Amino acid sequence: MELLKALTLGAILSATIGLVIGSQGTSAGPLAIELVSLADAQIYWSWPIFLSGTGLAWGLMLLQR
């Protein structure tokens, strides 16, 4: 159950940081922010931020047990 919560928090973190940095027109180097088209919408997304944010949130939730 903690992993599902962590995935949600990782997605929120990635979308938020991607929106802030990607809307400035940069890929932020190692963060690899890219514009992704989903149906009619376009969002900025970063897999490295998503994976590290998910891992961090999951670790924090496991520590709170």
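Located above this text is the structure these notes cover.
Residues numbered from 1 in each chain as written. Predicted model: local features only at pLDDT ≥ 70, side-chain atom pairs only at ≥ 80, totals over all residues. Heavy atoms only, no water.

## Structural notes on the pattern of salt bridges
The condition is simple: Counted as salt bridges are all cases of a side-chain nitrogen of Lys or Arg within 4 Å of a carboxyl oxygen of Asp or Glu. Under the scheme used here, helices are H or I runs from DSSP no shorter than 4 residues and strands are E runs no shorter than 2 residues, and both carry numbers assigned from the N terminus. A simple rule labels every residue: compare its accessible area, found with a 1.4 Å probe on the protein chains alone, to the largest value its type can have, and call it buried under 20%, exposed over 50%, or partly exposed in between.
Under the counting rule described, the total for this entry stands at one salt bridge. Across the salt bridge formed by Glu2 and Arg65, the nearest N and O atoms sit 3.3 Å from each other. On the criterion of sequence distance, the pair formed by Glu2 in helix H1 (residues 2-22) and Arg65 in the segment after helix H2 (47-63) is long-range, its members being 63 residues apart. Relative accessible area serves as the criterion here: at 70%, Arg65 is assigned to the exposed category.

## What to know about the side chain of Thr54
We apply this condition: By the criterion applied in these results, polar contacts are pairs of N or O atoms within 3.5 Å in which, for protein atoms, one can donate a hydrogen and the other can accept it, and in which residues neighboring in sequence qualify only through two side-chain atoms. The criterion used for residue contact is that any of the two residues' heavy atoms lie within 4.5 Å.
Inspection of the secondary structure assignment puts Thr54 in helix H2. In this structure the side chain of Thr54 is engaged in a polar contact, spanning 2.8 Å, whose partner is the backbone oxygen of Phe50. Sequence-distant contacts of Thr54, defined by excluding residues within four places in its chain, comprise Leu3, Ala6, Leu7 and Gly10.

## Section: the environment of Ser23
Looking at where Ser23 falls in the secondary structure, it is placed in the loop between H1 and strand E1 (34-38). With 21 residues separating them along the chain, Ser23 and Tyr44 place their C-alpha atoms 7.9 Å apart. At 2.7 Å, the side chain of Ser23 and the backbone oxygen of Leu19 are in polar contact. In terms of polar contacts, Ser23 uses its side chain to reach the backbone carbonyl oxygen of Val20, at 3.3 Å.

## Quick look at the pairing of E1
Here is the rule: A pair of strands is considered paired only if DSSP assigns at least 2 bridges between the two.
With five bridges joining them, E1 and strand E2 (residues 41-45) adopt antiparallel strand pairing. Note on E2: the bridge partner recorded for Ser37 is Gln42. Linking E1 back to E2 in an antiparallel pair, the connection comprises two residues, with Ala39 at a positive phi of about 55°.

Read these as layout, nothing more, since geometry by itself doesn't imply function.
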